[in-house]
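# Fold and contact review
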Amino acid sequence: MELSIAPVVRVMKGAGAERISRDAKEYLAKELEAYATEVATEAIRLAQHAGRKTVMEEDIKLAAKRV
């Protein structure tokens, strides 16, 4: 797993969770990582389609809407 647990805990605490089980933290981290990978893959495809090697913010925004 690439995504560390600490940011997941911050997100969940920010959303109002008081306590979070270890399994819940790990599962959410895996799900977020899978979603981020899908968005990144789509953003890369969009950048390549536009003839660019650089992924831009607009690519990420559009990819997030499509995924």
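Values in this document were obtained by computation on a predicted structure and should not be read as measured data.

With that settled, consider the packing of helix α2 (residues 22-49) against helix α3 (residues 57-66). Put simply, α2 and α3 touch, their axes get as near as 8 Å, and they point 125 degrees apart. When the axes of α2 and α3 are compared, the pair comes out oblique. Here α2 runs over α3; the crossing is right-handed. On α3, the residues touching Tyr35, Val39, Glu42, Ala43, Arg45, Leu46 and Ala47 of α2 are Asp59, Ile60, Leu62, Ala63, Ala64 and Arg66. Taken together, the residues of the contact of α2 with α3 break down into 9 nonpolar, no polar and 4 charged.

Assignment of secondary structure puts Glu57 in helix α3. A relative accessible area of 52% means that Glu57 is categorised as exposed. When the C-alpha positions of Glu57 and Glu31 are compared, they lie 22 Å apart, and in sequence the two are 26 residues distant.

Parameters at a glance
Residues numbered from 1 in each chain as written. Predicted model: local features only at pLDDT ≥ 70, side-chain atom pairs only at ≥ 80, totals over all residues. Heavy atoms only, no water. Axes fitted to C-alpha atoms, helices over the stretch in contact; angles between N-to-C directions. Helix = DSSP H or I, 4+ residues; strand = E, 2+ residues; numbered from the N terminus. Parallel < 35°, antiparallel > 145°, perpendicular 65-115°, else oblique. Left-handed = near helix turned anticlockwise from the far one by under 90°. Contact = heavy atoms within 4.5 Å. Nonpolar A, V, L, I, M, F, W, Y, C, P; charged D, E, K, R; others polar. Buried < 20%, exposed > 50% of the residue type's maximum accessible area, 1.4 Å probe, protein only.

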